[in-house]
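Commentary on secondary and tertiary structure
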Protein chains: 2
Amino acid sequence: MTLPDPSLPDPTPPAPTLPESPRPEPAPQEPFCDDLAAALAEAWAELRRGAADRRAAFHTPCLATVRADGTPSARTVVLRAAEEETATLRFHTDRRSAKVGEISDRPAVALHFYDPGRKIQLRVEGLARLHRDDPLAAAAWEATRPFSRACYRVPATPGEAIAAPLPAHLGPAQLGHAGQGEAGAENFAAVVVTLRSIEWLYLAARGHRRARFTRDGEIWEKTWLVP
Amino acid sequence: MTLPDPSLPDPTPPAPTLPESPRPEPAPQEPFCDDLAAALAEAWAELRRGAADRRAAFHTPCLATVRADGTPSARTVVLRAAEEETATLRFHTDRRSAKVGEISDRPAVALHFYDPGRKIQLRVEGLARLHRDDPLAAAAWEATRPFSRACYRVPATPGEAIAAPLPAHLGPAQLGHAGQGEAGAENFAAVVVTLRSIEWLYLAARGHRRARFTRDGEIWEKTWLVP
């Protein structure tokens, strides 16, 4: 059924028409609104755009992991790659960050993407794998910009309590221009998530669309869901 | 230390200055950059703005829960209230949705807010409580707009598989204008999260700021963290 999800924001309701007005034509639907294969293709197109365009809403998804005590943990990560052929997404992190331990212990993770402008949500789940000191990590490091590399040079554990913020001259801009080349690589990790499912939600005033795509080997099983 | 978080997007680095140029004055820092109490107040101000302004980035956080099988689940919710006095946030949901069961089984939840424009992230954790058929739920339902109420009238379980999306005339806009008054209340639930901690991250080119606020009774303990 074309049902709204009450936990999500309302799409703009249609403007009321005066009794004398001609009834407005419904807005054209996107082609993926009634075609599951097109919806899955659209989801992957959005993911690729998120990896390529730093201004895209899908550039900064939320990664949810589970701690050893069973509580959920959620934070922003930057989407670095989306590859439909291998059904993988990639992001980078500091080896010293808490999420590395959480992923090692419980590799089943969720990634949540929401574009409030386009009213599209993707709920992606899969198994995360850490890459450190292997060819994939080396290639990812090679493609990292100098400014990003500075993040990994800092001799302190992310999330550790400190007495006060340090002065600006130790900020990332300065570290990034220090020309230290490979320094920081020892703290760098790439994380590749192999997807098991994608849930796609499109909020349209003419009728919401929700679909689940579940990967079984090379095949994506597709079904509409009640939104 | 004013350290970058490599998992987050880079703030814009300062423009390089020519050798002859006078060194530019550093941009003024926000007052909350070096004051933990001001940072906590700013976090609450952002949460209140998120609840009140549907165009605010903090209006649509990501809720992370944990399923019975131990895997994380993440989806958008709409922030409906943020009350500093009681340290609570509120959102609404359909009683039939999967998150209701997850919250009942494991009330420890995480809410993730990220504003890419302002470069502020909040990671909020707390205990969620479901409200159904009680005064709080009734008051929340009363304040719900007709369009939102339509979401709860649909005679189908959210997330259930269906053969095809239903035609547009069964969409929320039409249901919302049916004038059915209280219909749908039987599927409505309010969820109130009582916060245990807030982690605040502000990405500034002059030096990132990260702080953790942990609630102990009426007191918020505050500390800077390595970003």
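As a starting point, this report considers the structure included with it. Nothing here was measured: the structure is a model prediction, and the numbers come from that model. (Residues numbered from 1 in each chain as written. Chains lettered and ligands numbered in written order. Predicted model: local features only at pLDDT ≥ 70, side-chain atom pairs only at ≥ 80, totals over all residues. Heavy atoms only, no water.)

Time to look at the packing of aromatic side chains. Residue and element names in this part refer to chain B. Within this structure, the stated rule accounts for 16 aromatic pairs over all chains. Taken together, a centroid distance of 5.3 Å and an interplanar angle of 75 degrees make the contact between Phe32 and Tyr202 edge-to-face. Highlighted residues: Phe32 in the segment before helix H1 (36-52) and Tyr202 in strand E8 (residues 188-202), separated in sequence by 170 residues. For the residue pair Phe32 and Tyr202, the accessibility class agrees, reading buried in each case. (Phe/Tyr/Trp six-rings, centres within 6.5 Å; stacked < 30°, edge-to-face > 60°. Helix = DSSP H or I, 4+ residues; strand = E, 2+ residues; numbered from the N terminus. Buried < 20%, exposed > 50% of the residue type's maximum accessible area, 1.4 Å probe, protein only.)

Our focus in this paragraph is the environment of Trp224 of chain A. Checked against the element boundaries, Trp224 of chain A lands in strand E10 (residues 219-225). Put simply, Trp224 of chain A and Ala164 of chain A are 60 residues apart on the chain and 51 Å apart in space, counted from C-alpha to C-alpha.

Residue and element names in this part refer to chain B. Within E8, 13 of the 15 residues are buried, leaving the element largely enclosed by the surrounding structure. Bridge count between strand E4 (residues 88-94) and E8: 7 bridges; the pairing is antiparallel. Bridging from a neighbouring strand, His92 pairs with Ala190 of E8. As defined by bridge partners, E8 adjoins strand E9 (residues 209-216) across 6 bridges and the pair is classed as antiparallel. Its bridge partner being in E9, Ile198 is matched across the sheet by Phe213. The turn linking E8 back onto E9 is made up of 6 residues, and Gly207 within it adopts a positive phi angle of 145 degrees. (Pairing = 2+ DSSP bridges.)

For the coordinates displayed, the defined rule picks out 26 salt bridges over all chains. One salt bridge connects Glu46 of chain B with Arg49 of chain B, and the closest N-O pair in it is separated by 3.3 Å. Here Glu46 of chain B pairs with Arg49 of chain B, and both are found in helix H1, just 3 residues apart, close to one helical turn. For Arg49 of chain B, a relative accessible area of 40% gives the class partly exposed. In the salt-bridge network here, residues are joined through shared partners; they are Glu42, Glu46, Arg49 and Arg118 of chain A. (Salt bridge = Lys/Arg side-chain N within 4 Å of Asp/Glu carboxyl O.)

So, on to the state of the cysteines. Counted according to the given criterion, the structure contains 0 disulfides over all chains. With no disulfide partner, Cys62 of chain A has as its closest neighbouring cysteine sulfur the one in Cys62 of chain B, 3.7 Å distant. Relative accessible area serves as the criterion here: at 3%, Cys62 of chain A is assigned to the buried category. (Disulfide = S-S within 2.5 Å.)

Among the structural elements, Lys99 of chain A can be located in helix H2 (residues 98-105). The exposure class assigned to Lys99 of chain A is buried, which follows from its relative accessible area of 5%.

On to H1 of chain B, then. Taking 1.5 Å of rise per residue, the 17 residues of H1 of chain B would be expected to cover 24 Å, and the 24 Å separating its terminal C-alpha atoms lies within 8% of that figure. Of all the positions in H1 of chain B, only Leu36, Ala39, Leu40, Glu42, Ala43, Trp44, Glu46, Leu47, Gly50 and Ala51 of chain B are classed as buried. (Expected span 1.5 Å × (residues − 1).)

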